[in-house]
4 protein chains.
Amino acid sequence: MTALSPAIDRKTRDSFARQALMTTFGATIADLAPGACTLSAPILPIARQQHGVGHAGLTFALGDTAAGYAALTLMAEEAEVMTVEMKINLLAPAQGDRLIAEGRVIRPGRRISVVTAEVFAEAAGDRALVAILQGTMVPVTARSRT
Amino acid sequence: MTALSPAIDRKTRDSFARQALMTTFGATIADLAPGACTLSAPILPIARQQHGVGHAGLTFALGDTAAGYAALTLMAEEAEVMTVEMKINLLAPAQGDRLIAEGRVIRPGRRISVVTAEVFAEAAGDRALVAILQGTMVPVTARSRT
Amino acid sequence: MTALSPAIDRKTRDSFARQALMTTFGATIADLAPGACTLSAPILPIARQQHGVGHAGLTFALGDTAAGYAALTLMAEEAEVMTVEMKINLLAPAQGDRLIAEGRVIRPGRRISVVTAEVFAEAAGDRALVAILQGTMVPVTARSRT
Amino acid sequence: MTALSPAIDRKTRDSFARQALMTTFGATIADLAPGACTLSAPILPIARQQHGVGHAGLTFALGDTAAGYAALTLMAEEAEVMTVEMKINLLAPAQGDRLIAEGRVIRPGRRISVVTAEVFAEAAGDRALVAILQGTMVPVTARSRT
């Protein structure tokens, strides 16, 4: 696999750094490659549901964001990325030390990119798949966004 | 439409109150009726994406939660609710003063409930549909959760 | 609601008439209006599953097609329509005399249209909701298709 | 991987043989293993859309059925399988000699099984991914079906 160009790498990390919700969740980019993005985040008390495990909204936000930035790595340099739609199946409670979201591009496209993500919960070295996502991303430019 | 029983009303509001993520987002229950739940939340700076509008994770979390509590109002008194899967289509940027998420049960069931939600952005009295969701909820009991 | 222009009406019906699968299923256009399309089809023996009711593939095909032609009515005259993605929740067995699929555009767009459909089973005058669909359609032209 | 028990193998193939829609489409089981099912079908003229390629309803039906029978291989011997919901993303036109649908269980469950499928189009030895599916299956028994 070819490495990510420095310009795309920088653009993607800059965009991620401006996502306040990711900062709120304590999420960081663990890995970034052409067509792939892995995020890591603790399961903070502020992001839990009524039984003390991670809220589906947390799991979704991480999976969706990992998938979106995976798509962005394959888009034109001036583009930003936007979620058109996303489907999540929740497989197990989001409990443990951290969530790891691995986004991947299944089919890049000029108009439409199809993406998936897997979200894992890590606890004491164990790793359990807690959710899978499948969705659609589109490139947006400053012009198309207004 | 029959009114919600006091016991179910109380159980649902108590469960919502324990969802730390909803507190983080400043969300409140605006309306609760059999098979329907409306949530209201500001678009806080902490929940935004890179362009300053609400993150898809915020919109999802509100829509999913409204749909889940709509389902819970029709479940047995000892049950809690869990999202099996949820699909979201994002229609417009989540910008404005508040998001309003209206969850609704399409078909309640003993094993499986099918739900939808619409999320609106309100700004200066205007109201724009920003997302639609369609998904599946299941009842869980203390026993089935462990 | 404004009426459908004769040109769009004709284009949509011509396109439907060329869908061999719809002919195979005995489906016809029951209603066509701007942003809306209703299909009607018998539950033919050739389209059933192992328990003698309509196959999920039949229900999906009717719902997806109704939603697609609903979207086509709002697209440019030279455009054809293509499904990007579609989610179906199946609520009840597809049994009875006919299936009725009502497609509707939730948000038309130059690049992307968001659509929904409801599929009903009719038997002896009764009508039961058997599926709901939510998805994304895009316009394609002769050029973008190749 | 352990082999499929003869009883489950027979039950699954018998169920498939009773799906009239699969017979209509000329589909056959190409491979069956615990948690996995591959179907193969020609792109018959009767199953095409307006541009002469396979209808989304064909692609969906094959993917959904492959995923469903993958789930059935892991269910109790008296159970049948039913689709609760399914999401499909269409990546490329379904054109060529045959469609191959590979269904797989991501997480089996007593109440709910999460499944995926990939559908490929084969033409002159080439193989292109044309769709991915992600959904939920449940076991049904003669009793729960009535």
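Here the structure is a predicted model, which means the values were calculated and not measured. (Residues numbered from 1 in each chain as written. Chains lettered and ligands numbered in written order. Predicted model: local features only at pLDDT ≥ 70, side-chain atom pairs only at ≥ 80, totals over all residues. Heavy atoms only, no water.)

Novice: Talk me through the overall build of chain A; I want residue IDs and the actual numbers.
Specialist: A tally of helices and strands in chain A yields four helices and six strands. Counting from the amino terminus, helix and strand elements in chain A follow one another as α-α-β-β-α-β-β-β-β-α. Computed over its C-alpha atoms, the radius of gyration of chain A comes to 15 Å, within 12% of the 15 Å expected for a compact globule of 146 residues. Buried positions account for 59% of the 146 residues belonging to chain A. In chain A, the share of contacts with a sequence separation of at least 24, taken over all contacts with a separation of at least 6, comes to 63%. As displayed, chain A has an accessible area near 5600 Å², and 53% of this comes from carbon and sulfur atoms. Distance between charge centres in chain A, computed from 14 positive and 13 negative side chains, equals 7 Å. (Helix = DSSP H or I, 4+ residues; strand = E, 2+ residues; numbered from the N terminus. Rg over C-alpha atoms; globule rule 2.2 N^0.38 Å. Buried < 20%, exposed > 50% of the residue type's maximum accessible area, 1.4 Å probe, protein only. Contact = heavy atoms within 4.5 Å. Areas by Shrake-Rupley, 256 points an atom, 1.4 Å probe, with all protein chains shown as cover. Lys, Arg positive; Asp, Glu negative; His and termini not counted. Charge placed at Lys NZ, Arg CZ, Asp CG, Glu CD.)

Novice: Go over the packing of aromatic side chains with me, naming the residues and quoting the values.
Specialist: All names here are of chain C. One pass over the full model with this rule turns up six aromatic pairs over all chains. Between F16 and Y69, the ring centres sit 5.9 Å apart and the planes meet at 75°, which makes this aromatic pair edge-to-face. You can see F16 sitting in helix α1 (residues 6-17) and its partner Y69 sitting in helix α3 (residues 56-72), a full 53 residues away along the chain. Exposure remark for F16: the relative accessible area of 8% places this residue in the buried category. Y69 gets classed as buried once you look at its relative accessible area, which sits at 1%. (Phe/Tyr/Trp six-rings, centres within 6.5 Å; stacked < 30°, edge-to-face > 60°.)

Novice: How would you summarise the interface of chain A and chain B if you had to cite specific residues and measurements?
Specialist: In this assembly, 35 residues from chain A lie in contact with 35 residues from chain B. Carbon and sulfur atoms make up 57% of the area that chain A and chain B hide from each other, which totals about 2600 Å². Together, L21(A), Q50(A) and H55(A) form the three largest contributors to the area buried by chain A at its contact with chain B, with a combined 23%. Here chain A is connected to chain B by 20 residue pairs in polar contact (both at pLDDT 80 or more). At the level of secondary structure, the elements contributing two or more residues to the side of chain A that touches chain B comprise α2 (20-24), α3 (56-72) and β3 (80-90) of chain A. Pairing geometry for β3(A) and strand β3 (residues 80-90) of chain B, over five bridges, is antiparallel. (Buried area = accessible area lost by both parts, 1.4 Å probe. Polar contact = N/O pair within 3.5 Å; in protein donor to acceptor, adjacent residues only side chain to side chain. Pairing = 2+ DSSP bridges.)

Novice: Mind laying out the packing of α3(C) against helix α3 (residues 56-72) of chain D, listing which residues take part and the relevant values?
Specialist: Interaxial distance between α3(C) and α3(D) falls to 9 Å at its minimum, and their mutual angle equals 145°. In this structure, α3(C) crosses over α3(D), and the sense of that crossing is right-handed. Across from A56(C), G57(C), F60(C), A61(C) and D64(C) in α3(C), the residues of α3(D) making contact are A56(D), G57(D), F60(D), A61(D) and D64(D). Residues that form the contact of α3(C) with α3(D) fall into these classes: six nonpolar, two polar and two charged. (Axes fitted to C-alpha atoms, helices over the stretch in contact; angles between N-to-C directions. Left-handed = near helix turned anticlockwise from the far one by under 90°. Nonpolar A, V, L, I, M, F, W, Y, C, P; charged D, E, K, R; others polar.)

Novice: I'd like to hear about the relation of the copies chain C and chain D, residue by residue, with values.
Specialist: Of the two same-sequence chains, chain C is brought onto chain D (RMSD 0.0 Å, axial shift 0.0 Å) by a rotation of 180°. With respect to symmetry, the two chain copies, as superposed, fit the operation of a two-fold axis. Scanning chain C for the C-alpha nearest the rotation axis identifies K87(C), at a separation of 2.1 Å. Looking at chain C, 100% of its interface residues are interface residues in chain D too, so the copies touch through the same face. (Least-squares fit on C-alpha atoms with pLDDT ≥ 70 in both.)

Novice: Outline the environment of M82(C), listing residues and values.
Specialist: Residue and element names in this part refer to chain C. Structurally, the position occupied by M82 is in strand β3 (residues 80-90). The class for M82 is partly exposed, based on a relative accessible area of 38%. Residues in contact with M82, not counting those within four places in the same chain, are T136, M137, V138 and V140.

Novice: Help me get a handle on the interface of chain C and chain D, residues and values and all.
Specialist: Contact residues are listed per partner, giving 35 residues for chain C and 35 residues for chain D. With both sides pooled, the region where chain C packs onto chain D buries about 2600 Å², and carbon together with sulfur makes up 57% of that total. On the surface where chain C and chain D come into contact, there are zero salt bridges. Counting every contact that joins chain C to chain D gives 20 residue pairs in polar contact (both at pLDDT 80 or more). The set of elements that each furnish at least two residues to the side of chain C that touches chain D consists of α2 (20-24), α3 and β3 of chain C. A per-element tally of the side of chain C that touches chain D places β3(C) first, with 10 residues. Each residue belonging to the side of chain C that touches chain D can be placed in one class, and the counts come to 17 nonpolar, 11 polar and seven charged. (Salt bridge = Lys/Arg side-chain N within 4 Å of Asp/Glu carboxyl O.)

Novice: Got a sec to walk through the UniProt feature "domain: Thioesterase" (unreviewed entry) in chain A? Specific residues and values, please.
Specialist: When the UniProt feature table is mapped onto this chain numbering, "domain: Thioesterase" (unreviewed entry) sits at residues 51-122 of chain A. Segment residues 51-122 of chain A splits into 24% helix and 43% strand. End C-alpha atoms: 18 Å apart. (UniProt positions renumbered as here; feature names shortened; annotations may be inferred.)

Novice: Describe the sheet that holds strand β2 (residues 36-42) of chain D, with residues and values.
Specialist: Across the sheet, 12 strands lie side by side as β1(C)-β2(C)-β4(C)-β5(C)-β6(C)-β3(C)-β3(D)-β6(D)-β5(D)-β4(D)-β2(D)-β1(D); this open sheet has antiparallel pairing. Looking at strand neighbours, the two that pair on one side only are β1 (28-33) of chain C together with β1 (28-33) of chain D, the edges of this open sheet. Averaged over all adjacent pairs, the angle separating strand axes in this sheet is 25°, with direction ignored. Judged from the nine bridges that link them, strand β4 (residues 98-107) of chain C and strand β5 (residues 113-123) of chain C form a sheet pairing that is antiparallel. From the neighbouring strand, R98(C) faces β5(C), where its bridge partner is E122(C). Sheet strands in contact with α1(C) are β1, β2 (36-42) and β3 of chain C, and its direction is about 155° off that of β1(C). Lying on the sheet, helix α1 (residues 6-17) of chain D is in contact with β1, β2 and β3 (80-90) of chain D; it crosses β1(D) at an angle near 155°.

Novice: Let's hear about the pairing of strand β4 (residues 98-107) of chain A: which residues, and what values?
Specialist: Here seven bridges tie strand β2 (residues 36-42) of chain A to β4(A), and the two strands are oriented antiparallel to one another. Opposite A36(A), over in β4(A), you have R104(A) as the bridge partner.

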